[in-house]
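Structural overview
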Amino acid sequence: MAIGRDELIYDLREYIQDELRDSAYYQELARMAPTRRAHEILMEFSCDEKRHAERFMDAYCRLTGKKYQPGPARPSSICDYEQSLKERIMEETNAYEEYGRKYQDLCDPCLRRMFWDARTDEAQHAMRIPILLHEMGADCYPEKERCSITGV
């Protein structure tokens, strides 16, 4: 099923705002990160999300002849680092699915590539978040007993 130009323009506006909000959210999570590695990974995610927004804005401009002016990106407040990471897995998976549908609905090779690349990044984020959860357990809860093969 092909997607109409007006629908795509509307969706791009939504995606831009979502990606900018996600970028800010990952920056906030990075400030809470328990390790340097977790901080670096989350900042990498933030840069990816910002790049998606920029590419979507470029596509919007090519389609409309106008530069899109996004509203302020205010992330949700983060109360629980661990729970937020778990929720992000679902959000990233949902974005992966959404961008995959757009990829299938479009004929333009440049637009398809844009959605393919964003989709790939979203999948990578969802797959890497468990690393952050694992690091959290290893570094935030040192009192937990560790099991080892030699200690059995």
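So, here is what we can say about the structure in this document. All of these numbers come straight from a predicted model, not from anything done at the bench. All residue numbers refer to positions counted from 1 along the written sequence of the respective chain. In view of the model being predicted, local features appear only for residues whose pLDDT reaches at least 70, and side-chain atom pairs are presented and counted only at 80 or more, with totals across whole chains, interfaces and linings using the full set of residues. Only heavy atoms go into the side-chain values, all of them from the structure, while hydrogens and water stay out.

1. Side note on the environment of D22
Rule in force here: The helix count covers DSSP runs of H or I at least four residues long, the strand count covers runs of E at least two residues long, and both are numbered beginning at the N terminus. Partly exposed describes any residue whose relative accessible area lies between the buried limit of under 20% and the exposed limit of over 50%, with all areas from a 1.4 Å probe on protein chains only and scaled to the type maximum. By definition in these notes, contact holds between two residues if any of their heavy atoms fall within 4.5 Å.
Its place among the elements puts D22 in helix α1 (residues 5-32). Taking the relative accessible area as the measure of exposure, D22 reaches 15% and is therefore buried. Spatially, the C-alpha atom of D22 lies 7.0 Å from that of S46, the residues being 24 residues apart in sequence. Ignoring sequence-local partners within four residues, the contact set of D22 consists of E49 and R88.

2. Overview of the side chain of E49
The condition is simple: Only four residue types enter the charge count, namely Lys and Arg as positive and Asp and Glu as negative; His and the chain termini do not. Salt bridges are counted wherever a side-chain nitrogen of Lys or Arg sits within 4 Å of a carboxyl oxygen of Asp or Glu.
Counting through the fold element by element, E49 comes out in helix α2 (residues 36-64). The side chain of E49 sits in the buried core without any salt bridge; R88 is the nearest counter-charge, 4.7 Å away.

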